[in-house]
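Each chain is listed here by its residues.
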Amino acid sequence: MNKLELSSLYQLTMVRFKLFLREPEAIFWIFIFPILLAVGLGIAFRNRLADVLQVGATTTQLTQALAADRGLAAKTVNEADGAHALATGDILLLAIQMPDGVAYKYDDTNPDARSARLVADRAIQAASGQHEAVHAENQLVHETGARYIDFVVPGLLGMNLMGSAIWGMGFAIVEARQKKLLKRLVASPMPRWQYLASFLLSRLVMLVIEVVAFLGFARLVFGVPFRGSILQLTFLCVLTSLAFSALGLLVASRAKTMEAASGLMNLVMLPMWILSGVFFSASRFPAVVQPVVRALPLTAAIDALRGNMLQGMNLGQMVAPVAILLAWLVVPFAVALRIFRWR
Amino acid sequence: MTDAITSSVLDVNLRARGNGPSLLLKGLRKAFADVVAVDGLDLEVKHGECFGLLGPNGAGKTTTIEICEGLTPPDAGTVELLGLSWATSAKELRRRIGIQLQETQFPDKLTVEETLRLFRSFFPRGISIDESIKTAQLEEKRNSRVGGLSGGQKQRLAMACALVGDPELLFLDEPTTGLDPQARRHLWDLVDQLKLAGRTIILTTHYMDEAERLCDRVAIMDHGKIIALGTPQQLIASVGGEHIVELVITGHREVDVALLTAIPGVQSHRVDAGMHQLTVRDLHTTVPLIFQSLTSQGLHLSDFRTHSATLEDVFVGLTGRNLRDE
């Protein structure tokens, strides 16, 4: 045996790797699942070519005027059928010929229907000979960074960092406690800090694999932008992972059974899955709950990751989320060490 | 089997050990909530001894041994191991003792070798992985995962983990509980070899035959106290007879116990679930007298057995209960 193999910290860390790699479910949830989720969301929310909007009109004359616009597909229907088609979503808008002009029937809470209203009106006005008062020209761009996939990738990254840290710490520690392995370890000369340090070390190595795999995939397949410093992005990932590891340690510090630990972990993570803006912006929640939402570590992590990746912000511009993450690292860690139950 | 083990594995270095006892307990006391688990215990275990703490479940054996192992702080009393105390020399003690706990489950997905490598890394000095595997006779299972081992193999792995630091003092908490008879004998052989190597061993068990077979001295515990202490032979002799005669009588007539105890050579009598137990010094002279007495009383004998007195009989004699009564 060489010197490294005699080191207990090395052995403890290697054991963590081996146990992780021999757990196929864990590999799926940590490495495969986020990529599958990104693929699914990427397909569902891909930016299609400018949508052709389905509309209807009560006269052939109107239909022709509408069909003249490339953004619209028009068909002629009577008013009753048209109303039915509106109700079932076959068409977004029905143009009805009136004695004194035209009436548009549409749902103004549906953004596509509102677009159809604007485009249809422009087409009908143009057909009746109206000209633009101001000359306008369209310059089309398709910018990466503004798409849903760009928004959701940092969110999924944050969610994954949370899950892998909390599950990774929580289950392993509580299982060792339940099986009396923790007690056996403290009965040996093992320095206790090394047991906890082995989790952090293995987490950091795993973090590299999981982040590089996920972001690499997002970059290659979806062309998700990296506008900020990669070094600072690395720092943010490490900080996030350590903060959630501290939280995982806290969750695992006293639980005696896997069931209790599992319940606690879900209790901790569920609010963040919903509130922290993984899939949609956290700013959609009412102002009253915003202070709570902002104080959650996942919100801070995702804000910082989005700031870095999408807006190219540097750490100096993200003092608040970084400070929140640091607080979530220090406080749970200190509490967990104080109340940790070794047996 | 002993020959199979190289002497280097089992020879404990004759390092500074002084002449003091390996373990010294004085006035040990520990209570949990409303139960007094250990109730004023004094004990001295000499160097090189194999000492057994014997008693039924709940007697306080595990609490006692865990206090000795520095895992449970006592409410009162002092613990001295190898002349050192936990308060001042915990780090050194951890390196010099070997511990096998009840119910430890090693990670299923590690192999035998990986598990031993991990435990070996905690000790600055000790035996090699190869030696520990050989001692525990796990050569064929070296690369098997712990999850696939039998109960006996898991227990031998736990033993190997306790041995990797080449301990001077070894604690074994119920090492054979739950094992089948063959696996138990296998483990006994292993303990025999460790004894031969001169290690001090302290083990708990609720199997009397195990204590008789393995231990140089035995303390019988009940309700947190030591109720008897001595070599197995001394304790058995203390029952008053070396043989136990068990008989079951059928029929309507009651046995006159006074007539039974009056038989010359019968030391004591008790009834357990309809079975009369007599302790007897010399079977060949006393048994014919017992038959005579029964015949003269007109009693019908449906079962008659004799066995040499065991520690089980000592426990029954002391407490009036069987060991495995829960």
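Residues numbered from 1 in each chain as written. Chains lettered and ligands numbered in written order. Predicted model: local features only at pLDDT ≥ 70, side-chain atom pairs only at ≥ 80, totals over all residues.

Participant: Would you take a moment to explain the overall build of chain B for this structure?
Facilitator: In terms of regular secondary structure, chain B is built from 12 helices and 13 strands. A principal-axis box enclosing the C-alpha atoms of chain B has dimensions of 75 × 45 × 35 Å. Taken over 326 residues, chain B has a buried fraction of 41%. A separation of at least 24 residues holds for 72% of the contacts in chain B among residues at least 6 apart in sequence. (Helix = DSSP H or I, 4+ residues; strand = E, 2+ residues; numbered from the N terminus. Buried ≥ 20, exposed ≤ 12 C-beta atoms within 10 Å, placed from the backbone. Contact = placed C-beta atoms within 7 Å.)

Participant: I'm lost on the pairing of strand β3 (residues 93-98) of chain A in this one. Help?
Facilitator: Moving residue by residue along a regular strand, the side chains alternate between the two faces of the sheet. Residue and element names in this part refer to chain A. Here three bridges tie strand β1 (residues 53-57) to β3, and the two strands are oriented parallel to one another. By the bridge assignment for β3, Gly 56 is matched with Leu 94. As paired strands, β3 and strand β4 (residues 101-106) are joined by six bridges and run antiparallel to one another. Its bridge partner lying in β4, Met 98 is registered against Gly 101. Count of turn residues in the β3/β4 antiparallel hairpin: two residues. (Pairing = 2+ DSSP bridges.)

Participant: Explain the sheet that holds strand β10 (residues 243-250) of chain B here, please?
Facilitator: Strand pairing within a sheet occurs via backbone hydrogen bonds; the two strands may be parallel or antiparallel. Residues and elements named next belong to chain B. Here four strands make up an open sheet; going across it, the order is β11-β12-β10-β13 and the pairing antiparallel. Of all strands in the sheet, those with a lone pairing partner are β11 (266-272) and β13 (300-308), marking the two edges. Ignoring which end each strand starts from, the neighbouring axes of this sheet average 20 degrees apart. Where β11 and strand β12 (residues 275-280) come together, six bridges link them in antiparallel fashion. Along β12, the bridge assignment pairs Val 271 with His 276. In the packing of helix α11 (residues 283-297) onto the sheet, contacts are made with β10, β11, β12 and β13, and the angle to β10 comes to roughly 15 degrees. (Axes fitted to C-alpha atoms, helices over the stretch in contact; angles between N-to-C directions.)

Participant: Can you walk me through the interface of chain B and chain A in this structure?
Facilitator: Often, the extent of an interface is quoted as the loss of accessible area on bringing the components together. At the interface, 21 residues of chain B touch 18 residues of chain A. Of all the secondary structure elements, the ones that give two or more residues to the side of chain B that touches chain A are α3 (86-96) and α4 (112-121) of chain B. In terms of residue count, α4 of chain B provides more of the side of chain B that touches chain A than any other element does, five residues in total. Residue composition of the side of chain B that touches chain A, grouped by class: 10 nonpolar, three polar and eight charged. (Nonpolar A, V, L, I, M, F, W, Y, C, P; charged D, E, K, R; others polar.)

Participant: Please explain the packing of helix α3 (residues 24-44) of chain A against helix α7 (residues 148-178) of chain A as it appears in this structure.
Facilitator: All names here are of chain A. Two elements in contact, α3 and α7, have axes whose closest approach is 10 Å; the angle formed by their N-to-C orientations is 160 degrees. As the angle between them shows, α3 and α7 are arranged roughly antiparallel. The two elements α3 and α7 meet at a crossing, and its hand is right-handed. Only Ile 149, Val 152, Val 153, Leu 156, Asn 160, Gly 163 and Ser 164 of α7 make contact with α3, whose side of the interface consists of Trp 29, Ile 30, Pro 34, Leu 37, Ala 38, Leu 41 and Gly 42. Partitioning the contact of α3 with α7 into residue classes produces 10 nonpolar, four polar and no charged. (Parallel < 35°, antiparallel > 145°, perpendicular 65-115°, else oblique. Left-handed = near helix turned anticlockwise from the far one by under 90°.)

Participant: I'm lost on the pairing of strand β6 (residues 169-173) of chain B in this one. Help?
Facilitator: Residues and elements named next belong to chain B. Burial analysis of β6 places five of its five residues in the buried class, which makes it a mostly covered element. The two faces of β6 match: Leu 169, Phe 171 and Asp 173 on one face and Leu 170 and Leu 172 on the other face are all buried. Bridge count for strand β5 (residues 97-100) against β6 is four bridges, and the pairing is parallel. Each residue of the ladder has a partner; that of Gly 98, found in β6, is Leu 170. As judged from the five bridges shared by β6 and strand β7 (residues 200-205), these two strands associate in the parallel manner. The residue of β7 that forms the bridge with Phe 171 is Ile 202. One crossover worth recording links β6 to the parallel β7 by way of helix α7 (residues 181-196), and it is right-handed. (Right-handed = clockwise from strand over helix to strand, strands pointing away.)

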